[in-house]
Structures are given as C-alpha cells and as structure tokens.
Amino acid sequence: MNLLWLGSRHGLDSFEQIAIIFVLLAAFISLAYAWWLRGIVLKKDKGTEKMQEIWNAIRIGANSYLQRQLKTILPLIAVLTLVMFFSVYVVPPSVEATQEFKAFGTQGITLIIAIGRTIAFIMGASFSLIVGQLGMRMAVQANIRVASASRRGFNEALSIAYYAGTITGMLTDGLGLLGGTLIFIIFGRAAPDALLGFGFGGTLLALFMRVGGGIYTKAADVGADLVGKVEKDIPEDDPRNAAVIADLVGDNVGDCAGMAADIFESYETTIVSGLILGLALVALTGKLEWIVYPLIIRAIGVISSMLGTFTVPIWEKFPLKFLRAHDAEESMFRSYEVSSVFTVTLSIFLAWFYAHDLRLAALTAVGVGLAVAFNPLTSYFTSTKKPPVKEIVKSTTTGAATTILSGLSVGMESSVWALCVIAISFILGLLLYGGAGDPKYVLYAIAMIGIGMLSHTGNNVAMDSYGPISDNANGIGEMAWHDMEDEDTKKARQIMADLDAVGNTTKAITKGVAIASAVIAAVSLFGSYIADVGRVQTQLGMAVMSSIRVSDTKVFIGLLLGGALPWLFSSLSIRAVSRAAGKIVEEVRRQFKIPGIMEGTRKPDYAEVVGISTASAQKELIPLATIAVLMPLVIGLVLQVEALGGFLAGIILSGQLLAVFMSNAGGAWDNAKKSIEDEPRDLAANTGKGSERHKASVVGDTVGDPMKDTAGPSLNPMIKVANLVSLLAAPIIVKYPIQNADGSINIVVVMVAVVLLAATIWAIARSKAPAAELEVEKA
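Residues numbered from 1 in each chain as written. Predicted model: local features only at pLDDT ≥ 70, side-chain atom pairs only at ≥ 80, totals over all residues. Heavy atoms only, no water.

1. A few points about the overall build of the protein chain
Thinking step 1. For the protein chain, the count of helices and strands is 21 helices and zero strands.
Thinking step 2. In terms of overall size, the protein chain behaves like a compact globule, its C-alpha atoms giving a radius of gyration of 26 Å where 779 residues would be expected to give roughly 28 Å.
Thinking step 3. On the principal axes, the C-alpha backbone points of the protein chain span a range of 80 × 65 × 40 Å.
Thinking step 4. When each of the 779 residues of the protein chain is scored for burial, the buried share is 64%.
Thinking step 5. Intrachain contacts of the protein chain at a sequence separation of at least 6 include 84% that bridge at least 24 residues.
Thinking step 6. Carbon and sulfur atoms make up 67% of the accessible area of the protein chain, which totals about 26,800 Å².
Thinking step 7. When the 62 positive and 65 negative side-chain charges of the protein chain are each reduced to one mean point, those points stand 2 Å apart. (Helix = DSSP H or I, 4+ residues; strand = E, 2+ residues; numbered from the N terminus. Rg over C-alpha atoms; globule rule 2.2 N^0.38 Å. Buried < 20%, exposed > 50% of the residue type's maximum accessible area, 1.4 Å probe, protein only. Contact = heavy atoms within 4.5 Å. Areas by Shrake-Rupley, 256 points an atom, 1.4 Å probe, with all protein chains shown as cover. Lys, Arg positive; Asp, Glu negative; His and termini not counted. Charge placed at Lys NZ, Arg CZ, Asp CG, Glu CD.)

If you want it as structure tokens, here you go:
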C-alpha cells in the first residue's frame, strides 16, 4: 500500500514511506521544540532598569547591523539566483533527470531542473538567514535574563543560556532536515541537480554572516581591550569604555548569527553530499536504503538532541554522585553523551533490521565518535584546567612575546591532532567499504561519517551559542553593577565569570566540529565532482576522468594555488580587523580625553564605535565572497577540470590545518587571560587584573581574537563555497574548454577568464583598501 504519492513514483516500500513521514515529522517536532524552549526563556525576568538600558543598546545595535548586512548582500544574491537558473541550460540534463521527468520532454526537463535549482538556492539561503537572524535575536533576549538569573543561582543561569542556544540548534536541525527531505520527495533521482542549489545558497549566506560578523565583533573587542585593559587598567566591560557596547553587539552578530549560519550550512552540505552519493549508489545497486538511511539517522539525531539538551540542568544535582557534574562544561558533555548513546543504539537497530548492513551503523558510530572526540581534544588545548593553557599562563611572567610564542605552539600542535582524528575516521570508512569495488562506496562512507558527526547539531549549536550569551550576560552585569560590592552581587559576578570561561572552551569545541565537518563534506563533494565531470564527458563523447593525478603539472599547480587561498583569505580578514581596531583605538582614546568620561560623570558616545565596526564589516562582505566564488572559476577555465580538482584538494588540506590552528590558539590565549583575571589582584606579587602578567595575557588574547573568531571560522564556509562553485561550474568547464579539439584557443573562454581574474584582483585590492577610504556611519 502506498502511503505517499512518491511510493509508486520512487519505488519506496511501506516502511520507507513511513520513514519519510517520520523524517518530516521530526523536522517539524524540532521546530516545535525550539518554539517551546523560546517560551521558557522569555518567561524569565529582565532584571533592573539599568540592566535593561544596557541591554536595549545591545539589541538595537545588533538588529541595525543585520539589517544593513542584508541590504549589502541582497543584490549579489539576486544576481546569483539568475545564474542558478541559466546554469542548467548550458549542458544537457542528467540521465537521472531525464528518467525522472521523461514525460515532459527535453525542454520541459531542463525548465523543471532550472526552476528547482533556483528555488532550492533561494530556500537554502533563506533558511541559513533565518537560522542566523532568529538565533541572534534569541541570544539577545537571553543574555539579560541570564544576568538576572545569576543573582538567584548557577543552575538557573546555566539553563537559560543553554536553552536559548538550543533554540538555534533545533532551528538548524529542523530547517536543514526539512529542506533536504522535501527536495528528495519532489525530485527523486534528479535531486542532486536541485540539492547543489540548496547547499550553495546556505553556504554563501553563511560565508557572508561569518565574515561580516567576525570582523565586527573582533574589531570592537580588540579595540576595547587594548585601550581599556592595557592603557587605562579598567575592567573588561566598564561602561566608561566607548567600545564596550560594540563589543557586546559583536558577540551576537559574530558568534551567534555567524556561527549559527555556519553550522547550518555544514549540516545542510553533509545532507547534500550524502544524498548525492546515495543516489549514485542507488543507480549502481537499485537499493533505496542508501538514501533513506541517512535521512532517518538525521531524524533520530533530532530526537537525540532534544533528549540530550533537555537534561543539561539535571546533572549538577544528579542523584548518583559519580555521575554528578561539577561545572557547566561537564553538564554539557554529559548531555552530549546521552544523545550519542541514543543515536548509536538506534542506528544499530536500523542498520540491522532495515538496511541489513551493520557497516552503516558503524559509520554512524564513527561520525558520532568523531564529534565526541573533539570535546576532550579541544578542551585539552583550550581549557583553563589543562596543561597547555597553564603553560601559557606561566609564560606571561616573561612578557607578551613568550605569551604569543607559547600560544602559537599550542595552536599548531592541536591542528595536527585534529587532522589525525579526521584521518583515522577516514581510514575506518575505507576499511568498512574499501572492498566494495566502486570508489563511490568509500566516498559515501565518508559522507555518512559527516552525517553521523552532525547528527547532534542541536547540542553543538547550543554549546556554541551558550558562549556569547554568557559573555554578554557577564558584560551586562559588570556594566550595571560596577559600583556594587555586596556579597550577593559578588556571588552573581562569579557565577557569570564561571559560565563565561566555560563558554570559551565550548565555542572552540564547536568550531573544531564545524571545521572537521567542512572537511568531510568537502571530501564527499570532491567525489561528486569527479562523478559529475565524468557524466558530462560521457554525454559529450570525451575521454572520462576517473581520478586526479597529482603528478600532472597542471594539477600540481592547482594544488599549490588551492593551498594558498586559505592563507590569502585569512590575511585579508585579519587585516580588516586590524585596520578597524586601529580606528576604534583612536576613537576610544579620543573619548577618554573628554572631561567626565573617565570620572564616570559623562556617558561615552557608544554609537560612534558601533558605526566604525559596522562600516568595516560591510566593506569586506562582497570582496571576500567574490574571491571565494571566482578563484575556482578562474583556475577551472585556465587549467581545466583536473587541475581544479587539485585546487580543491589544496583548499581542503590547507584550510583545515590553518582553521584549527587559529581557532584553538585564540581560545587558549583567551582562557589564559581569564585564568589570570581570576587570581587575587596583587600588583606587588604580579597577579590578577592590572598586573604585568595580565597585560601580557591581554596582548595574547587580542592577537588571538581575530584568529579564533574571524579568520579561522570563516575558512569553514569558504572551503565549501569553493567546492560547490566548482561542482556547479564543472559541466560548463568540460563543455567549453580553453583549447578546442583542433588545437586552437577558445577566445570567448579566454575573455571570460580574463574578466573573472580582473574581478578577483579588484576584490583583493578593495579588501586591502586603507582605512581612510571607509565611510563610517552610525548604527
């Protein structure tokens, strides 16, 4: 009996039809759970009038930035929407699309795929935007409530911060799962053509939000710290500092909106790569479990995340003492372990009774294990309780230089071990499916590891958003209570400081997970790239490319250029932060010279610094996105498809190593600074805030800020943008080579390549434009 119209159309049996209904229900349950948690958070009080005054300034600044960002990127999205539509007309429809919609004829099939890819692109971009925007707005609503709750106790403050982050996580789960499943239901075997648009839309929006938010937040943070802490010896969130509101706004637009969109596109891209490769295996074997199994696993992951995230508050007072958590970090790890056990257990039953292949359950377990492994691995290199951060704290005794050197060594080592963990997961995938015959099985195995890894996206995003929420809460409390010294206030401050310190570690962990998932998704898409090129070459009667030869000179050139792109991208984003931070330092210094500011009798002009940060971030959005989109096209048109494959391999390797290095080094410096700030203040003993050791740690933290919150995280969507652009452009590059069959040069291709190269050079020059050329507007 067919329960859905797609049962007869796609050949799904009764169980598979019920499973698809379950997947859709899980997506909607995820969204309903997010709405329910929203109600719980919003019922909490917003504290005193002074707290609400500070909070309102943060809220207005964050909303204003996102509105201006949207106006900046909409024209480019509109242009790319047209490109998505017409890209389908350049090459013939795929065999799968022809079979799926054969009743409509060739022109009808092309139109259906063009419309489908365009709508999927808009849907992916819209979902990514929704996750980022709503996630940030929920974080803004939560931060003041966390600050207020800290006056009543640790557990309530933790619950609010974590539940607010969970709302964003469940939005990510629900919308990502809903989008991928709907595309499969509508397009069936032709789904890869539309899924590419879905993945590209989400990834491109994530890149915009990650780059813009990262530059905004760290320009303000660095500027505030250098003048406030180092020069004026005042607390981090002192209301006399003109940059303090911009700093708190930045936590929301960068760490909340940017990271939420970032993890959403990772979630989205792993579904895209898994379904593309699954459909390829369906064509080989005729078995639909290659598609249905990953969708069910994602649905199970949604339920697991709901179960795990809801248990976070119970661990502090758990009846069994040996399971009782001693801090916020331990409570979150316990909840993650609950989700992991639930997912792995159900995957074993699903693989055995439905797919009749326990190797699929093993892949799910490897993916879940990979995500779990990043918790202690990242925590080891960034937690205040572990040797690497203690080593950095010790190095502050001899000054800023040794502090920076120590942090660099920690970041470098952490990147090596992170890569080793990813490599081990790949080896396990190879062992499980390496003997299957066709290379697509191994690539599918890697995609399934990625799906397993992000099956607990609700937990991951909750842990990440918790960080900036607790940071903002700490800032609101410090600004509102800076002149209060009673015991209750001191206790509340300590609770917020403890929550904030844990937030640095959890942010580093989720960044590591996001980067690892980017690598896994990129490798999966890499396989899709080879398969797609081969398909078009077969249709055009050309020799089929079955592998990418590093020994070929063109490929090696592509590999070198691909390895260089993450460094260029990071250089430009860090330069943007440095340039904007310099202007903020000058502005904050200027305001401190105004009579009454330092004495606390006159309010600083916070909007001026907010305007500097906003203008700096907006300036970089289009140039950096242009570089990520156009560089692969230039390489492909000039050096051709095999070299473009080498280019992608270079991006994946270099980007992963660089991203983890910057993320963990920055997290370690930040927590080293917090460790010193928690010491008793005694300038004679060189301990605590204001000491020379503290000043050295602040320098390390300010160096690490743009690394861990701007350049490093931005590489994650950049890697996938380059991969998806290459996948979309590959058929066109194959059909229109730079050298014709008779040996002549294709002038049109050369002209297009020259125009794209010129646009790339313009983007680099625009990004490097001096600060004097910026137009600063007040938010």
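Now that the structure has been shown, we can carry on.
2. Some points on a nonpolar patch on the surface
Thinking step 1. On the surface, Leu82, Phe86, Tyr89, Leu111, Ile115 and Ile119 cluster together to form a nonpolar patch covering roughly 590 Å² of accessible area.
Thinking step 2. Among the elements that take part in the nonpolar patch, helix α5 (residues 105-149) stands out by supplying three residues, more than any other.
Thinking step 3. Take Leu111: it is sitting in helix α5. (Patch = residues over 30% accessible without salt bridge, like charges linked within 9 Å, V, L, I, M, F, W, Y side chains within 5 Å. Salt bridge = Lys/Arg side-chain N within 4 Å of Asp/Glu carboxyl O.)

3. Thoughts on the packing of aromatic side chains
In this description, an aromatic ring pair is defined by two values, namely the gap between the centres and the angle between the planes.
Thinking step 1. What the rule picks out here adds up to 14 aromatic pairs.
Thinking step 2. Ring geometry for Trp290 versus Tyr433: centroids 6.3 Å apart, planes at 70°, classification edge-to-face. Within this pair, whereas Trp290 is found in helix α9 (residues 289-310), its partner Tyr433 is found in helix α13 (residues 400-433), the two being separated by 143 residues in sequence.
Thinking step 3. Residue classification places Trp290 among the buried positions, given a relative accessible area of 7%. (Phe/Tyr/Trp six-rings, centres within 6.5 Å; stacked < 30°, edge-to-face > 60°.)

4. Considering the environment of Ala373
Thinking step 1. By the element assignment, Ala373 lies in helix α11 (residues 358-382).
Thinking step 2. For the pair Ala373 and Ile422, spaced 49 residues apart in sequence, the C-alpha to C-alpha distance is 10.0 Å.

5. Thoughts on the environment of Val754
Thinking step 1. Turning to its location among the elements, Val754 is positioned in helix α21 (residues 747-767).
Thinking step 2. A relative accessible area of 51% means that Val754 is categorised as exposed.
Thinking step 3. Considered as a pair, Val754 and Thr72 are 682 residues apart in the sequence and their alpha carbons are 26 Å apart.

6. Some words on the side chain of Thr614
Thinking step 1. Topologically, Thr614 is positioned in helix α18 (residues 606-639).
Thinking step 2. For Thr614, the contacting residues outside a window of four places in its chain are Tyr65, Arg68 and Tyr216.

Function cannot be read off these values alone, since they describe shape.
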